[in-house]
Each structure stands twice: as structure tokens, then as C-alpha cells.
Amino acid sequence: QSPISYGNFGLAQSLAFTFIAGPLAILLWWLTWRESATKRDRASVAWPVYLVIMATASLLTFTITLFSELGDRVVGSTPITQLALPIVWAPVWVWYYWMWRHPKKGPTRMVGVAPVIASFIGLSFATGGAVFAISSLVDSATRTATDVVVGSEPVWQLVMRAMIWAIGGGLLWWWHWFRVGVRAQQTGFSKVLLIFVSGAASY
């Protein structure tokens, strides 16, 4: 298959998703959103569970792709167009976050679950990135000057990639822990998650 035909196929598929599947998905969301204002729907378990799953999935997709692409950009190994994926998923996450916090249609049960999970994700990224950066520096310090390469990548590139994850994860955790108010939550399920997060952090 020639590059031209492959490119045309990819363009047609993207246009179909944009102009057909996109508006249909928006219409379906609007019909569901319009009918979800009743007290019964807000108090159901299905509504917050749906928002938790979708908010967490969109947050993971956004942050993982963003941190990965930024790490590649720092070391100059990817074009700027690769940032399209996190740019698309960022408003999706903000969208679900807005629905979660909506004063009239937001869920009345499991209110603090999604922010707690988001703070745990940020804490995991920050801790993992910091540990990897420190371990790479310590490992490079024990090597000779001619061995400061791990595989085919210099140590400084590994450290820069890891620091992007550490800083990005730290900002994500800080925002949810302090600005959103995760540390002050008093709901039952949120307390269980907070105990789990605190245990993981201390570990």
C-alpha cells in the first residue's frame, strides 16, 4: 500500500470521527445530561461510578501521554505534533471534572472519590519519577566517565524524563490535595482511600 493511499485513509478516518462520531457522541451526552438532573439520578450509585471511571481514565490518558511527549521533546526525539493526543484528552478530563463539581447535576454520593484517586495518581507519578531520577544519578556516579550511558540513552536524558514525571505528578497531587481539598474530606469511602494513599506515601 502506497504512503499516499495510507495517508488518504487516515485522513478520511479522522474526518469521519470528527464530523460523524463526534457530533453523535455530543448529542448522546446532551440527552443523558439533560435527563440527569433529578434527585434520584444524582443520588444513584451508577452516576458517580461512571464519572469516577471516565474522569480517571481521561486523567491517566492525558497525563501519561503529556509527560511522555514532554520527556521526548526535552531530549529532542519527537516532533511537536505528537502533543496532539494530550491536548485532546485535557479538555475531556476537564469536562468530566466540571460534571463532577456541577452544583445542580453533580453526584451526591461518593463525592470525594475521584479527587482522591487523582491525588493518588499524582503522588505515584511524583514518587516514581523522583526515585528513578535519584537512582539514575546514583548509578551514574558509580560508573566511569566512559560508562555514563544506560543502553543507548545518556543518563542526563533519563534524569530529565524522570523529573518531568516527578514535577508533573507533584503538581497534580498538590492541586487535588490542597486546592480541591482532598486532605479535608470527611466522607466514608474517601477516608478509606485516604488511608490507602497515606500508607502508600509512607511506604
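Each chain has its residues counted from 1, running along the sequence as written. Reporting in this predicted model follows two pLDDT cut-offs: at least 70 for local features of residues, and 80 or more for side-chain atom pairs to be given and counted; totals over whole chains, interfaces and linings ignore these cut-offs and use all residues. The side-chain numbers reported here are obtained from all heavy atoms of the structure, hydrogens and water having been left aside.

Engineer: Break down the confidence of the model for the protein for me, citing the residues and quoting the values.
Structural biologist: Per-residue confidence for the protein averages 75 on the pLDDT scale, and 63% of its residues sit at or above 70. Within the protein, no element has a lower average pLDDT than strand S1 (residues 149–150), which sits at 50, and none a higher one than helix H6 (residues 155–179), at 91. The low-confidence segment residues 1–7, where pLDDT is below 50, has one contact with residues more than four positions distant or belonging to other chains. pLDDT measures how confident the predictor is about each residue, on a scale from 0 to 100. Working definition: helices are DSSP H or I runs of at least four residues, strands are E runs of at least two. Numbering for both runs from the N terminus. In this description, contact between two residues means that some pair of their heavy atoms is separated by no more than 4.5 Å.

Engineer: Help me get a handle on the packing of aromatic side chains, residues and values and all.
Structural biologist: We call Phe, Tyr and Trp rings a pair once their centres come within 6.5 Å, taking the six-membered ring for Trp, and we label the pair stacked below 30 degrees between planes, edge-to-face above 60, and tilted otherwise. Under the criterion given, the structure shown has nine aromatic pairs. Arranged with centres 5.1 Å apart and planes meeting at 85°, the rings of Phe-125 and Trp-165 form a pair that is edge-to-face. A residue pair is termed long-range when its members are at least 10 positions apart, and Phe-125 in helix H5 (residues 113–141) and Trp-165 in helix H6 qualify at 40 residues. For each residue, the accessible area found with a 1.4 Å probe, counting protein chains only, is set against the maximum for its type, and the residue is called buried under 20%, exposed over 50%, and partly exposed in between. Judged by its relative accessible area of 15%, Phe-125 falls in the buried class. We classify Trp-165 as partly exposed; its relative accessible area is 22%. Note on Trp-173 and Trp-177: the rings are 5.8 Å apart at their centroids and 20° apart in plane angle, and the pair reads as stacked. With a gap of four residues between them, Trp-173 and Trp-177 both fall in helix H6, about one helical turn apart. Residue class for Trp-173 comes out partly exposed when judged on its relative accessible area of 25%. Among the residues examined, Trp-177 registers a relative accessible area of 16% and is labelled buried. Counting every residue linked through ring pairs, the aromatic cluster contains Trp-47, Tyr-50, Trp-95 and Tyr-96.

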